[in-house]
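Fold and geometry: a report
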Amino acid sequence: VTRVVTRVPCSGVGLALCRRLLEEDGRIHLCIACRNGQKNEATRDLILTEFPAAQVSTVEVDLGNLASVLRVARELRCRFQRLDFVYLNAGIMPNPHVNFKALWHGLLTGKLIHMLTTAEGVMTQTDRLNGDGLQEVFATNLFGHFILVRQLESLLCGNEKPSRLIWTSSSNARESAFSLSDYQHAKGQESYSSSKYATDLTSVVLNRKFNKQGLYSSVVCPGLVMSNMTYRILPVFLWKLLMPIMWLIRFFAKTYTLTPYNGAEAHVWLFKQKPEYLDALVKYHSCTSGLGKSYVEPRKMDVDEEIAEKFYQKLLELEKQTLEKYSDLLD
């Protein structure tokens, strides 16, 4: 039995991924994770309605809360002897703002399509500290996942067949938004971009550290998907006006996947690949043609491996500092 753990909101790419994975292999044991227990069970019931013979279990976890992450890791270690796939796809973008002046400038300079597909210079967010004293976006989008992986090493390493980590990154992951001296992005306004670039860096180093132990890490970009996160960026009436234009843009911007089903293309594609043959420095993008055909496009990541190693060491230092107060949740 292939054991798959993924974080699943009530809609979006996570739910589409569950459905598509079960379409690929109905024998998998799918463990879905949500922050809300009731929504978790409702999502499980929804999946079982469509796939009544599926093995689907649930765990409750808030990736932005270290105590919650440690509890769920302990629960997973009790439930399973190994994990074959862990999809690390929780993400937040609090208080997003669109810079319309930048968009207008992009239109005048011919850079509009690039800006619309990467959100470069267009999107800003207002971050804050969480209960653990960490920047909320960094904690949820990256550090919570990192701690989870560290706590699940015994289930992921040394198995008969390779185990896989599949991180959901973004085309918005840019080196210009990231700084080693401010890796939690406390001083800037592009915390989402910074956290996704940090994700790319982390995946690169994990491969270097753990491939020999049978653990492989990959990074995907789902493209621009119309999800709850996306709909919070602009008022609903504006999205209704823009949707016909967005369908047209897809003829020029293949990363406009738009639907969660299309957005999960790279996640599912990686499920079917042998990790030994994948490039650790590549991000796998879900793409959709103007006529609606989905496919995967590998693109080299813009990462400096030396910076990646330094950042990984900073993560280990932060792990040591933050987990000291949670000794009761550690084995």
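Described below are features of the structure shown in this document. These numbers were taken from a predicted model, which means no experiment stands behind them.

1. Here's the deal with the overall build of the protein chain
When helices and strands are counted, the protein chain shows 13 helices and 10 strands. Counting contacts in the protein chain only where the partners sit at least 6 residues apart, residues at least 24 apart contribute 74% of the total. Approximately 15,200 Å² of the protein chain is accessible, and the part contributed by carbon and sulfur atoms is 53%.

2. A word on the environment of lysine 272
Tracing the backbone shows lysine 272 in the loop between helix 12 (265-271) and strand 9 (282-288). For lysine 272, a relative accessible area of 49% gives the class partly exposed. Counting along the chain gives 251 residues from lysine 272 to leucine 21, while the straight-line C-alpha distance between them is 9.8 Å.

3. Describing unusual backbone geometry
The phi dihedral of histidine 185 falls on the positive side, at around 60°, and the residue is not glycine. Here histidine 185 shows up in the loop between strand 7 (163-168) and helix 8 (191-210). Taking the relative accessible area as the measure of exposure, histidine 185 reaches 9% and is therefore buried.

4. Considerations on the nonpolar core
Looking at soluble globular proteins, one finds that nonpolar side chains tend to be buried together. Grouped together as the largest cluster of nonpolar side chains are 55 residues, with contacts concentrated most on Phe143, Leu165 and Phe311. The leading source of residues in this core is helix 6 (residues 136-151), at 8 residues. When near neighbours in sequence (up to four residues on either side) are disregarded, phenylalanine 311 contacts Phe138, Leu142, Phe178, Leu180, Tyr183, Ala198, Leu201 and Thr202. Residues Ile28, Tyr87, Ile166 and Leu278 belong to the second largest nonpolar core, which totals 29 residues.

5. Let's talk about the sheet that holds strand 9
Pairing within the open sheet is mixed, and its 8 strands lie in the order 3-2-1-4-7-8-9-10. The two strands at the open ends of the sheet, each matched to only one other strand, are strand 3 (55-60) and strand 10 (294-300). On average, each strand axis in the sheet is tilted by 25° relative to the strand beside it, whichever way the strands run. Note: strand 2 (residues 29-34) against strand 3, 6 bridges, orientation parallel. Residue pairing in the sheet places leucine 30 in a bridge with valine 56 of strand 3. Each of strand 1 (3-7), strand 2 and strand 4 (85-88) is contacted by helix 1 (residues 13-24), which is oriented at about 160° to strand 1, the strand it contacts most.

6. Observations regarding the pairing of strand 8 (residues 215-221)
Counting buried residues in strand 8 gives 7 out of 7 residues, a clear majority hidden from the surface. In the sheet, strand 7 pairs with strand 8 via 6 bridges, with the strands oriented parallel. By the bridge assignment for strand 8, serine 163 is matched with leucine 215. In this region the chain leaves strand 7, passes through helix 8 and returns to the parallel neighbour strand 8; the handedness of that crossover is right-handed.

7. Regarding the packing of helix 3 (residues 66-79) against helix 6
Running from N to C, helix 3 and helix 6 point in directions that differ by 30°, and their axes come no closer than 9 Å. Taken together, helix 3 and helix 6 sit at an angle that is classed as roughly parallel. The handedness of the crossing between helix 3 and helix 6 is right-handed. Together, Leu66, Val69, Leu70, Val72, Ala73 and Arg77 of helix 3 and Phe143, Gly144, Ile147, Leu148 and Gln151 of helix 6 make up the contact between the two elements. Within the contact of helix 3 with helix 6, the residues separate by chemical class into 8 nonpolar, 2 polar and 1 charged.

8. Quick word on the packing of helix 8 against helix 13 (residues 305-323)
Axis separation between helix 8 and helix 13 bottoms out at 9 Å; the angle between their running directions is 90°. Between helix 8 and helix 13, the angle is such that the two are roughly perpendicular. Residues Ala198, Leu201, Thr202, Val204, Val205, Leu206, Arg208, Lys209 and Phe210 of helix 8 pack against Glu305, Ile307, Ala308, Glu309, Phe311, Tyr312, Gln313 and Leu315 of helix 13. Here the residues of the contact of helix 8 with helix 13 are counted per class, giving 11 nonpolar, 2 polar and 4 charged.

What counts and how
- Residues numbered from 1 in each chain as written.
- Predicted model: local features only at pLDDT ≥ 70, side-chain atom pairs only at ≥ 80, totals over all residues.
- Heavy atoms only, no water.
- Helix = DSSP H or I, 4+ residues; strand = E, 2+ residues; numbered from the N terminus.
- Contact = heavy atoms within 4.5 Å.
- Areas by Shrake-Rupley, 256 points an atom, 1.4 Å probe, with all protein chains shown as cover.
- Buried < 20%, exposed > 50% of the residue type's maximum accessible area, 1.4 Å probe, protein only.
- Core = buried A, V, L, I, M, F, W, Y, C linked by side-chain atoms within 4.5 Å.
- Pairing = 2+ DSSP bridges.
- Axes fitted to C-alpha atoms, helices over the stretch in contact; angles between N-to-C directions.
- Right-handed = clockwise from strand over helix to strand, strands pointing away.
- Parallel < 35°, antiparallel > 145°, perpendicular 65-115°, else oblique.
- Left-handed = near helix turned anticlockwise from the far one by under 90°.
- Nonpolar A, V, L, I, M, F, W, Y, C, P; charged D, E, K, R; others polar.

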